[in-house]
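For reference, the chains in residue letters:
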Amino acid sequence: MRKAKTIVLTFVLLTTGCGDFFDPQGGGGAAGTSGDPRFVADCGNGPLDTPRANCHPEPLESSGDPYADCVTRINQLRWECQCLPPLQRWSDAERCADQHSEYDSTRSPHSGFRDDICSPRGWAQNECPGWSSTQQVISGCLQAMWDEGPGEPYSAHGHYINMTNPSYSMVACGFYETPDGRFWSVQNFQ
């Protein structure tokens, strides 16, 4: 029965584009790894209840596609810090995420999400306002949000909670560069 569940899970992940990141039996890499050779955590025992203490995996080299790199970094944090399965890149929602980033850059974080300016927008949003580059968003801001860790109140831990919510299966990253060269980025989760 376990083998049948693994085959079904692997098939589902491969058909949704996640086979590159998560293989519960480690078939794509060393036993218990994500299958992505860049992800080094041993997660053979499955997801952890809480994240590993002081988990700061080295950011991966840029692929040249900040949208893909953003999703990969979120999945790297999920896997290496807590052995959580990957979120799928939600490409169909990236245009809306870009619009949120631009809209918020002249207002305040989450304004576009609150004002429901576009769709699909998802069920939750994290935001990185005014960073110096897309690489800083990916390596610095996403790490800072992960570092909030679990806990209460939600206002102090909400970014981490969004990144680890088991109800979400997809994430769309969006970016906008302001005229003064600052980058705003949102991550919409569904």
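See above for the structure.
Please read all numbers here as calculations on a predicted model, not as lab measurements.

(A) Broad picture of the packing of helix 2 (residues 66-82) against helix 5 (residues 134-146). At a minimum axis distance of 10 Å, the contact between helix 2 and helix 5 shows a crossing angle of 30 degrees. Considering their axes alone, helix 2 and helix 5 lie roughly parallel with respect to each other. Seen along the crossing, helix 2 lies across helix 5 with a hand that is right-handed. Across from Pro 66, Asp 69, Cys 70, Arg 73, Ile 74, Leu 77, Arg 78, Cys 81 and Gln 82 in helix 2, the residues of helix 5 making contact are Thr 134, Gln 135, Ile 138, Ser 139, Leu 142, Gln 143 and Trp 146. Residues belonging to the contact of helix 2 with helix 5 are distributed by class as follows: eight nonpolar, five polar and three charged.

(B) Highlighting the state of the cysteines. Enumeration over the complete set of coordinates arrives at five disulfides. A sulfur-sulfur separation of 2.1 Å characterises the disulfide bridge that pairs Cys 43 with Cys 83. Sign of the S-S torsion, about -75 degrees for the bond between Cys 43 and Cys 83, identifies this disulfide as left-handed. Pair noted here: Cys 43 is in the loop between helix 1 (2-15) and helix 2 and Cys 83 is in the loop between helix 2 and strand 1 (88-89), with a separation of 40 residues, a long-range link. Considered together, Cys 43 and Cys 83 belong to a single accessibility category, that of buried residues. The disulfide partner of Cys 128 is Cys 141, and the S-S distance across this bridge is 2.0 Å. Classification of the bridge connecting Cys 128 and Cys 141 rests on its S-S torsion, roughly -90 degrees, and on that basis the disulfide is left-handed. Placement of Cys 128 in strand 2 (residues 124-131) and of Cys 141 in helix 5 is noted, with a sequence separation of 13 residues between them. Both residues of the pair, Cys 128 and Cys 141, count as buried. For the protein, numbering the cysteines in disulfides from first to last along the sequence yields the connectivity 1-5, 2-4, 3-10, 6-7, 8-9.

What counts as what
The numbering scheme is per chain: residues are counted from 1 as the chain's sequence reads. A pLDDT threshold of at least 70 governs which residues receive local features in this predicted model, and a stricter bar of 80 or more applies before side-chain atom pairs are shown or counted, although totals over entire chains, interfaces and linings include all residues. Values reported for side chains reflect all heavy atoms of the structure, with hydrogen atoms and water molecules removed beforehand. Between N-to-C directions, angles cover 0 to 180 degrees, with each direction set by a line fitted to C-alpha atoms, over the stretch in contact for helices. Numbering of helices and strands runs from the N terminus; a helix is a DSSP stretch of H or I covering at least four residues, while a strand is a stretch of E covering at least two. Working definition: roughly parallel below 35 degrees, roughly antiparallel above 145 degrees, roughly perpendicular at 65 to 115 degrees, and oblique for all remaining angles. Each crossing is labelled by how the near helix is turned from the far one, with a counterclockwise turn of less than a right angle marking it left-handed and a clockwise turn marking it right-handed. Residue contacts are defined here by distance: any two heavy atoms, one from each residue, within 4.5 Å place the two residues in contact. Under the convention adopted here, Pro, Cys and the residues Ala, Val, Leu, Ile, Met, Phe, Trp and Tyr are nonpolar, Asp, Glu, Lys and Arg are charged, and Gly plus all remaining residues are polar. Throughout, a disulfide means two cysteine sulfur atoms within 2.5 Å of one another. Relative accessibility under 20% of the residue-type maximum defines a buried residue, over 50% an exposed one, and the middle range a partly exposed one, all with a 1.4 Å probe and only protein chains included.

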